[in-house]
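One-letter residues, chain by chain:
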Amino acid sequence: MLKRSIVMGCGSFLPDKLVSNKDLEKDLDTSDSWIQQRTGIRQRFIASDNQLTSHLAIEAARKALFNASIDASEIDLIVLATATPDRTFPATAVRVQSALGIQKGAAFDVQAVCSGFIYALAVADNFLKLGQAKTALVIGAEVFSRILDWQDRRTCVLFGDGAGALILQAKDITTDKNNLSKDDRGVLSTHLYSDGRYEDLLYVDGGPASTNTVGKLRMAGKEVFKHAVQKMGQAVETALLHNNLSVSDIDWWVPHQANKRIIDSIIERMHISPEKMIITVDQHANTSAASIPLALTQAVEDGRIKPGHLVLLEAMGGGFTWGSALLRW
Ligand code: UT7
């Protein structure tokens, strides 16, 4: 019997502290109009000093469990995507596991920076399809504010903190991928890619093995921009082809939220109806692995994404890493 990962619910969490573009103008040679015109970002949320990635993740996970009507005791797999773990080790996922009172199954982190949530989703989906777990908690959580160089206006204005979570549960199915129907819910495909030749275009200049410091984010913005449009476009084209779908079949597009201009370029390149694109970069800025589950949760909570809808997620990040995931909600 084939198994499929069904989406049971989602949740998200943002820190209280809202920092507007105007707030950044006070200490930085930047302006609200530059940031809005070049990125679409209006504000971001920043974690307080004692708020760690695990704290944001735990709150998002609790909301997702509530939304899915699932008890934490049912979770037997936690995959947490982050590039800003609480500690070098253990994994932030085991802190979440412990806080939720779970003592069974496996919990670990994956690191694919801004593509992290798609990577975590793909890993969890494969565990469930193979029967190695039954109910998975997939989280994207970041405190990028800790790895920003707050003197570097080219990068620090672009990012924010937050977390989002999704619950998947394995169900037996009888249909095959060429026989999609509205009842055929769940993760329909995932596609992951990476190309380490580009590691120097977006990276953190520290780490336990290289400098014994945490380091700060460095980015060649223009180059990353070009690759983001091309690689996210390629990932969604592959997903559509694989599932025998066309652009108009997709109900909602949930791209990684890095820059509104990147999203607009994808809309143009793929001839997507702009109203089908979920956009939260204006409110959250780029929250790396948290950006997709934050956007997804917002669109579910405000009633845009409904059961039966086809939702295509796509992301690109440091590495480079990139990928896509097609879900029927
Ligand atoms: O999550 C995946 C990874 N991230 C991304 O996908 C981000 C990809 N890149 C981008 O979004 C854009 O390249 C940026 C938003 C980072 C930059 O936009 P841009 O249109 O590529 O601007 P630029 O880097 O070419 O800079 C244009 C000008 C420069 O001044 P000069 O040299 O022309 O005098 C910058 O120094 O804008 C200046 N500038 C700023 N001015 C005010 C750069 N940052 C700022 C700033 N405020 N914050």
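Let me sum up the structure you'll find in this document.

Rules used in this analysis
Residues numbered from 1 in each chain as written. Predicted model: local features only at pLDDT ≥ 70, side-chain atom pairs only at ≥ 80, totals over all residues. Heavy atoms only, no water. Near = heavy atom within 4 Å. Polar contact = N/O pair within 3.5 Å; in protein donor to acceptor, adjacent residues only side chain to side chain. Areas by Shrake-Rupley, 256 points an atom, 1.4 Å probe, with all protein chains shown as cover. Helix = DSSP H or I, 4+ residues; strand = E, 2+ residues; numbered from the N terminus. Nonpolar A, V, L, I, M, F, W, Y, C, P; charged D, E, K, R; others polar. Pairing = 2+ DSSP bridges. Axes fitted to C-alpha atoms, helices over the stretch in contact; angles between N-to-C directions. Contact = heavy atoms within 4.5 Å.

Here the focus is the site of the ligand. Taken together, 23 residues sit near the ligand, with Thr 30, Arg 38, His 256, Asn 259 and Asn 286 positioned nearest. Take His 256: an N or O atom from its side chain is 2.8 Å from an oxygen atom of the ligand. With the chains in place, 76% of the 950 Å² that the ligand exposes on its own is no longer accessible. Every element with two or more residues in the shell around the ligand is listed here: helix 2 (32–39), helix 6 (153–156), helix 7 (221–242) and helix 8 (260–270). Sorting elements by how many residues they give to the shell around the ligand places helix 7 first, with 4 residues. Of the residues that constitute the shell around the ligand, the class distribution is 11 nonpolar, 6 polar and 6 charged.

Here we come to the sheet that holds strand 11 (residues 252–255). Pairing is mixed across the open sheet formed by 4 strands, whose spatial order is 8-13-12-11. Of all the strands in the sheet, just strand 8 (186–194) and strand 11 have a single pairing partner and so form its edges. Across this sheet, the average inter-strand angle for adjacent strands is 10°, counted without regard to direction. Two elements, strand 11 and strand 12 (residues 310–317), share 4 bridges in a ladder whose sense is parallel. Counted as the bridge partner of Trp 252 is Val 311 from strand 12. Across the sheet, helix 10 (residues 291–301) touches strand 11 and strand 12, and the angle it forms with strand 12 is around 155°.

Further remarks concern the side chain of Asp 149. Within the secondary structure, Asp 149 is located in the loop between strand 6 (135–143) and helix 6. Among the polar contacts listed, one links the side chain of Asp 149 to the backbone nitrogen of Gln 151, at a separation of 2.9 Å. Setting aside chain neighbours within four positions, we find Asp 149 in contact with Thr 155, Cys 156, Lys 216 and Arg 218.

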